[in-house]
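Report on the structure
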Amino acid sequence: MVGLGVAGSSVLSACGGGGGESAQGSGQKTKKKQQAQASTTTSPSVDKGKPIVEAAFLPPGFAFAFDLAESGDPAILVHLPDESWAAYSAVCTHAGCEVGYQLEAQRLGCPCHGSVFNPAQGGAVVQGPAKKPLKEIEVRTEGGNVVLA
Ligand code: FES
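Residues numbered from 1 in each chain as written. Predicted model: local features only at pLDDT ≥ 70, side-chain atom pairs only at ≥ 80, totals over all residues.

**Things to note about the nonpolar core**
Formally: Note on definitions: a nonpolar core is a set of buried residues drawn from Ala, Val, Leu, Ile, Met, Phe, Trp, Tyr and Cys, linked by C-beta atoms within 7 Å. Three exposure classes are used, all based on how many other C-beta atoms lie within 10 Å of a residue's own C-beta (placed from the backbone): buried at 20 or more, exposed at 12 or fewer, and partly exposed between those limits. Working definition: helices are DSSP H or I runs of at least four residues, strands are E runs of at least two. Numbering for both runs from the N terminus. Distance between backbone-placed C-beta atoms decides contact: two residues are in contact if it is within 7 Å.
Ile52, Ala75, Ile76, Leu77, Ala87 and Tyr88 are the most contacted members of the largest nonpolar core, which totals 31 residues. Contributing elements (two or more residues each) for this core: strand E2 (51-54), strand E3 (63-68), strand E4 (74-79), strand E5 (85-89) and strand E12 (145-148). Element by element, the count of residues in this core is highest for E3, at five residues. The residues touching Tyr88, leaving out its near neighbours within four places in the chain, are Ala75, Ile76, Leu108, Pro119, Gly123, Leu134, Lys135, Glu136 and Ile137.

**Looking at the sheet that holds strand E9 (residues 124-127)**
Strand-to-strand pairing in sheets goes through backbone hydrogen bonds, with the strands running parallel or antiparallel. Rules: Only strands that DSSP links by at least two bridges are regarded as paired with each other. To obtain an axis, a line is fitted to C-alpha atoms, over the contacting stretch when the element is a helix, and the angle between two such axes runs from 0 to 180 degrees between their N-to-C directions.
One open sheet accounts for four strands, arranged E6-E7-E8-E9; its pairing is antiparallel. The open sheet has two edge strands with one neighbour each: strand E6 (100-102) and E9. For this sheet the average axis-to-axis angle between neighbouring strands, irrespective of direction, equals 40°. Pairing of strand E7 (residues 107-109) with strand E8 (residues 116-118) involves two bridges; the strand directions are antiparallel. Bridge pairing in E8 places Gly109 opposite Val116.

In structure tokens, the structure reads:
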């Protein structure tokens, strides 16, 4: 099993999201890459009930990539412009590539086939080919942190 560390998810800053050479579609089993504790990104692996990030660290309009410890799947926390928080599985509902945050558009975009999702509307599809919204992940604020619920 060769886990290529294609970790194009440094989401906190403006990430073009176009550099990933993710294998298309069928190879969805490569998502375990996080287990290698890659030091190339700042994506922490977060358990339920644990803090994802300090709320003050992430201004509205920005996003933060993390991994779900339970499944190993990548996820993205978005601080919405209205100051609320939303988090989604970063696994594209079209064919499983990893979506990234588009800072200027404030959307979540997939580098593989161009699907775009709106984090302010439940991860709804803005542009296909994906047909289903991103899977929402529950978070809450607690003690100055945003916590995985
Ligand atoms: S995997 Fe095809 S658009 Fe995301």
